[in-house]
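# Survey of secondary and tertiary structure
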Amino acid sequence: MKSSPWPAPAKINHFLHVTGRRDDGYHLLQTVFQFLDLADELQIDATGDGRIRCRRNYQQLEEQDDLVVRAAKLLQELGGSTSGADIRVDKKIPIGGGLGGGSSNAATTLVALNCLWDTGLSTDQLAEAGLTLGADVPVFVRGFAAWGEGVGEQLEPVKLPEDWNLLIYPNVPVATAQVFNAPALERATPRVTLDDFRQGRCRNDCEPVVRQICPEVAAALDWLNTRAKARLSGTGASVFATFPEKSQAASFLQELPEKWQGFVARGCNRSPLVDRLAQE
């Protein structure tokens, strides 16, 4: 009998400030992460042959680009495991949408296989390993809404309203590297506090760059701004607005132009991955 799938939730960035740049080129950030009840699902079954097999309901990836396979092989190395895995990814989060789908898939793979293979790594060890795969992986490993600093790996839990979000994906992916390499990107925003965030004194420094390089994202922001306060998630391409009631988000979803994808999703301070792990 197959075990139940492992969730890999999406995330939104409620704001994103770029406060500096390290000598190695990585940008220093301040942000607030919150999970969504929109999630990919990973069917993960341990095997005894040491091989990692990954199938997906979208285009197959080369191994060097496949964060799921890379995460599994990294855990084999760190945990000294000779076990393998059959993994099936059922993707529901838009690719290239700034919602963290790839990083979340990697984190779920690490957490699930650490359990299924009984490799015994701690959450701290998994988060540290995940950082080598992507800056957003640690927050998905830890599984709580968080204030993030550093490159996004310095995390402190925060409690946020679990409101409803209307998300728009304009069907045009935005490459994170293109945004962070843009000369026009603001890289010296003064540091802020959690109180500044709660008072609404924050923004997404990537938005002006994304507006410039991707007119379709700019159009989605403008459309949503006529109805609510629109924000860019991460480096894009998804935009979102938050509402206290699901019905408000759903009503605007009905007006969405057909050329774009839309979702209504609730913010979650606790990742569903934490609850799935507890079942084991």
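Residues numbered from 1 in each chain as written. Predicted model: local features only at pLDDT ≥ 70, side-chain atom pairs only at ≥ 80, totals over all residues. Heavy atoms only, no water.

### Let's talk about helix α1 (residues 67-79)
Just so we agree on the cut-off: Labels follow the DSSP assignment, with helices taken as runs of H or I lasting at least four residues and strands as runs of E lasting at least two, numbered in each case from the N terminus. Helix span, as expected, comes to 1.5 Å for every residue beyond the first. Classification of residues uses two cut-offs on accessible area relative to the type maximum, computed with a 1.4 Å probe and protein chains only: under 20% is buried, over 50% is exposed, and between them is partly exposed. Here, two residues are considered to be in contact whenever any of their heavy atoms come within 4.5 Å of each other. A 3.5 Å cut-off defines polar contacts: any pair of N or O atoms within that distance qualifies, except that in protein one atom must be a possible hydrogen donor and the other a possible acceptor, and neighbouring residues in sequence count only when both atoms are side-chain atoms.
The terminal C-alpha atoms of α1, which comprises 13 residues, lie 18 Å apart, in line with the 18 Å expected from a rise of 1.5 Å per residue. Where α1 is concerned, the buried positions are Leu-67, Val-68, Val-69, Ala-71, Ala-72, Leu-74, Leu-75 and Gln-76. The secondary structure elements touched by the buried residues of α1 are β3 (52-56), β4 (84-90), α2 (101-116) and α3 (123-131). Measuring from the side-chain oxygen of the N-cap residue of α1 to the backbone nitrogen of Val-68 gives 3.0 Å; that N-cap residue is Asp-66. Positive phi shows up at Gly-80, right after α1, with a value of about 60°.

### Overview of the packing of aromatic side chains
The line we're drawing: Geometry of aromatic contacts follows a simple scheme: Phe, Tyr and Trp rings, the Trp one being its six-membered ring, pair when their centres are within 6.5 Å, and the pair is stacked under 30 degrees between planes, edge-to-face over 60, tilted otherwise.
Summed over all chains, the structure comprises 5 aromatic pairs. Measuring from ring centre to ring centre gives 5.6 Å for Phe-15 and Trp-147, while their planes differ by 50°; the resulting arrangement is tilted. Of this pair, Phe-15 sits in strand β1 (residues 6-21) while Trp-147 sits in strand β5 (residues 146-149); the two residues are 132 residues apart in sequence, bridging distant segments of the chain. The residues Phe-15 and Trp-147 share a single accessibility class, namely buried. Residues Trp-223 and Trp-260 carry aromatic rings whose centres are separated by 6.4 Å and whose planes lie at 80° to one another, so their mutual orientation is edge-to-face. Here Trp-223, found in helix α8 (residues 215-225), pairs with Trp-260, found in the loop between α9 (246-253) and β10 (261-268); they are 37 residues apart in sequence, far enough to count as distant.

### Regarding unusual backbone geometry
Following Gly-236, the chain continues into Ala-237 via a peptide bond in cis, with omega recorded as 20°. Inspection of the secondary structure puts Ala-237 in the loop between β8 (231-232) and β9 (239-243). In this model, Asp-118 sits at a positive phi of 55°, which is unusual for a non-glycine residue. On the secondary structure map, Asp-118 appears in the loop between α2 and α3. Judged by relative accessible area, which is 66%, Asp-118 ranks as exposed.

### Considering the side chain of Arg-276
Looking at the element boundaries, Arg-276 is found in helix α10 (residues 272-278). Excluding its chain neighbours within four sequence positions, the residues that come into contact with Arg-276 are Ser-3, Ser-4, Pro-5, Trp-6 and Pro-7.

### Digging into the pairing of β3
Heads up, the condition is: Pairing between strands is defined by DSSP: at least two bridges between the two strands are required.
Only one face of β3 is buried, namely the one carrying Ile-52, Cys-54 and Arg-56, since none of Arg-53 and Arg-55 on the opposite face is buried. Sheet topology note: the β3/β4 ladder contains 5 bridges and is parallel. Residue pairing for β4: Cys-54 is matched across the bridge by Ile-87.

### Focus on the nonpolar core
What counts here: Working definition of a nonpolar core: buried Ala, Val, Leu, Ile, Met, Phe, Trp, Tyr and Cys residues. They are joined through side-chain atoms within 4.5 Å.
With 38 residues, the main nonpolar core has Ile-87, Leu-110, Leu-133 and Val-141 as its most contacted residues. At the level of secondary structure, the elements contributing two or more residues to this core comprise β1, β2 (27-47), β3, α1, β4, α2, α3 and α4 (137-142). With 7 residues, α1 is the single largest residue contributor to this core.

### Describing the environment of Ser-247
Its location among the elements puts Ser-247 in helix α9. By relative accessible area, which is 55% here, Ser-247 ends up exposed. Here the alpha-carbon distance between Ser-247 and Asp-124, two residues 123 residues apart in the chain, equals 39 Å.

### Observations regarding the pairing of β2
When you tally the buried positions in β2, you get 17 out of 21 residues, the bulk of the element. Connecting β1 to the next strand, β2, in antiparallel fashion are 5 residues, including Gly-25 with a positive phi near 95°. In this structure, β2 lies alongside β5, joined through 3 bridges in antiparallel fashion. Residue Thr-31 lies in a different strand from β5, and its bridge partner there is Gly-148. Note that β2 and β10 share 2 bridges and pair antiparallel. Looking across to β10, one finds that Phe-35 is bridged to Cys-268.

### Concerning the layout of surface pockets
Heads up, the rule is: Only protein atoms enter the calculation, which uses a 1 Å grid: trapped sets of points that fit a 1.4 Å probe without letting it out are cavities, open sets showing protein on both sides within 12 Å along at least five of seven lines are pockets, and any residue with an atom within 4 Å of a point is a lining residue. Grid points are joined across faces, edges and corners, and a volume is the space filled by probe spheres set on the points. Under this grouping Gly is polar, as are all residues other than the nonpolar Ala, Val, Leu, Ile, Met, Phe, Trp, Tyr, Cys and Pro and the charged Asp, Glu, Lys and Arg.
If you add up the space inside the largest pocket, you get close to 1,300 Å³. Considering the residues around the largest pocket, the lining is formed by 49 residues, among which Ser-103, Gly-134, Ala-135, Asp-136 and Thr-176 are closest to the centre. Of the residues contributing to the lining of the largest pocket, the split by class is 19 nonpolar, 21 polar and 9 charged. Its boundaries defined by the atoms lining it, the second largest pocket holds a volume of some 490 Å³. Around the second largest pocket sit 21 residues that line it, and His-14, Phe-197, Lys-229, Arg-231 and Thr-242 are the ones nearest its centre. Secondary-structure elements contributing two or more residues to the lining of the second largest pocket are β1, α6 (194-198) and β8.

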